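# Close look at the chain arrangement
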Amino acid sequence: MKQEISFIPREQLKTKPDTASLGFGKYFSDYMFVMDYHSDNGWFNPRIAPYEPITLDPSAMVFHYGQAIFEGMKAYKTADGTIQLFRPEKNMKRLNESCDRLCIPRIDEEFLLEGIKRLIITEKDWVPGGDGTSLYIRPFIFSTEPYLGVRPASQYKLLVILSPSGAYYGSQLNPVKIYVEEQFVRAVIGGVGHVKTAGNYAASLKAQEKADKGGYAQILWLDAKENKYVEEVGSMNIFFKINGEVVTPRLNGSILPGVTRDSVIQLLKYWKIPVREERISIEDVFAAQQRGELEEVFGAGTAAVISPVGELTWKDQSITINDNKIGQLSQAIYDEITGIQLGKKEDPFNWTVKVTQVEG
């Protein structure tokens, strides 16, 4: 039997930000979805409550042992005012995969998605409608039990917060500079690189700090064992177009299975463009450039959708891709996926899920 989702009104609503200056992850809506977990009664008390600070015991286990996971997804407003999600069932499934890996109790995927839809309907006025804008949705779970001891917690909290956002990069489709990291590693096979746990991102900050000082937008991570095979770029999956064929690192247990990554692969196959998932070394990438065969490089992720790469630096070598211009294929993929998300193009894959319909 499904639980009832209660509603707790807030006294005063926030002033909404100017759509032209949203940025990414700076503003948050009036309400959030909340559920609690206790080992005695499972997930309980689902509610839409005012967005507000959380009070936790100093001994809450999340602070000491890091049981914290999250997801990232978006809602879009179409030209006729309909609000829709993009492949949300993939995010729900991946959230549970993260739960499994960190010994967090699984959630009812269908019920959580219904809660997210209810939250978005409540906050429909927070969904921006300008070009490049969306409502970013952040579900996350963390351990709350007050206890010092290394074991899975018996108490957790699940929240979903909403953030009206503009383009992830201010000039979204301008190619970015990427630094190939060799000293630090992101994840190892058998670890937690294939799930979205908070610690993955904390571990990446030192390398990103170094890249920032060098004027690079993101890090390109290599494998942890041999330090030669390409894995991910920053918060995105990576694709290379080499001699007419698209190659992306295959999922190996240390690479996050991105929803946008999967969408790009499906789209390329639909277009009958050759695409392979396989190990690719950074040496192979630079060799392809020397042969004149490296045509395009781009990242793919929820936040930026597609982020073209214009320059790669590895050791003391720097290469420029496609004259530091966005490639034709990168642009086409971006236009197609965002067109489907915004209801401007047909959706042959049934990727979109309607949240609200036009009234009247």
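Please refer to the structure higher up on the page.
Below, the structure is looked at part by part. Here the structure is a predicted model, which is why all the values come from computation and not from measurement.

## Observations regarding the overall build of the chain
Check the secondary structure of the chain and you find seven helices and 18 strands. Its C-alpha atoms give the chain a radius of gyration of 21 Å, near enough to 21 Å, the size a compact globule of 360 residues would have. Overall, the C-alpha framework of the chain stretches about 60 × 55 × 35 Å when taken along its three principal axes. Residue pairs at least 24 apart in sequence account for 71% of intrachain contacts in the chain once pairs closer than 6 positions are excluded. Side chains of the chain carry 41 positive and 46 negative charges; the gap between the two charge centres is 1 Å.

## Comments concerning the pairing of strand E9 (residues 176–180)
Only one face of E9 is buried, namely the one carrying Val 176, Ile 178 and Val 180, since none of Lys 177 and Tyr 179 on the opposite face is buried. Pairing analysis gives four bridges linking E9 to strand E16 (residues 305–314), with the strands arranged parallel. The partner of Ile 178 across the bridge, within E16, is Leu 312. Pairing of E9 with strand E10 (residues 218–222), which is carried by three bridges, proceeds in the parallel orientation. The residue of E10 that forms the bridge with Tyr 179 is Ile 219. Read as a crossover between parallel neighbours, the route from E9 over helix H4 (residues 198–213) to E10 is right-handed.

## Things to note about the pattern of salt bridges
Should their charged atoms come close, side chains of opposite charge can pair. Per the stated rule, a full pass over the model turns up 18 salt bridges. One salt bridge in this structure joins Arg 151 and Glu 145, with 2.7 Å as the shortest N-O distance. In this structure Arg 151 comes out as partly exposed when scored by relative accessible area, which is 34%. Using a relative accessible area of 9% as the deciding quantity, one classes Glu 145 as buried.

## Some words on unusual backbone geometry
The phi torsion at Cys 103 lies on the positive side, around 60°, for a residue other than glycine. Mapped onto the fold, Cys 103 is located in the loop between helix H2 (88–101) and helix H3 (109–122). For Cys 103, a relative accessible area of 47% corresponds to the partly exposed category. Positioned with a positive phi, Asn 324 is a non-glycine residue whose angle comes to about 60°.

## Structural notes on the packing of aromatic side chains
Counted according to the given criterion, the structure contains 13 aromatic pairs. Taken together, a centroid distance of 5.4 Å and an interplanar angle of 45° make the contact between Tyr 179 and Tyr 216 tilted. Of this pair, Tyr 179 sits in strand E9 while Tyr 216 sits in the loop between H4 and E10, and the two are 37 residues apart along the sequence. Under the relative-accessibility criterion, Tyr 216 is labelled buried at 15%. Site record: aromatic cluster; members linked through ring pairs are Phe 86, Tyr 270, Phe 349 and Trp 351. Over the face of the ring belonging to Tyr 229 we find Arg 279, whose NZ or CZ atom lies 3.8 Å from the ring centre.

## Description of the nonpolar core
The tendency in soluble globular proteins is for nonpolar side chains to be buried as a group. Grouped together as the largest cluster of nonpolar side chains are 37 residues, with contacts concentrated most on Phe 33, Leu 112, Ile 120, Ile 137, Ile 141 and Leu 158. When residues of this core are traced back to their parent elements, those giving at least two are strand E2 (31–38), strand E3 (42–50), strand E5 (73–77), strand E6 (83–86), H2, H3, strand E7 (134–143) and strand E8 (155–165). Considering every element that reaches this core, the biggest residue donor is H3, with six residues. The next biggest cluster of nonpolar side chains, apart from the first, holds 25 residues, and it includes Val 176, Val 180, Met 236 and Phe 286.

What counts, and where the lines are drawn
Residues numbered from 1 in each chain as written. Predicted model: local features only at pLDDT ≥ 70, side-chain atom pairs only at ≥ 80, totals over all residues. Heavy atoms only, no water. Helix = DSSP H or I, 4+ residues; strand = E, 2+ residues; numbered from the N terminus. Rg over C-alpha atoms; globule rule 2.2 N^0.38 Å. Contact = heavy atoms within 4.5 Å. Lys, Arg positive; Asp, Glu negative; His and termini not counted. Charge placed at Lys NZ, Arg CZ, Asp CG, Glu CD. Buried < 20%, exposed > 50% of the residue type's maximum accessible area, 1.4 Å probe, protein only. Pairing = 2+ DSSP bridges. Right-handed = clockwise from strand over helix to strand, strands pointing away. Salt bridge = Lys/Arg side-chain N within 4 Å of Asp/Glu carboxyl O. Phe/Tyr/Trp six-rings, centres within 6.5 Å; stacked < 30°, edge-to-face > 60°. Lys NZ or Arg CZ within 6 Å of the ring centre and 35° of its normal. Core = buried A, V, L, I, M, F, W, Y, C linked by side-chain atoms within 4.5 Å.

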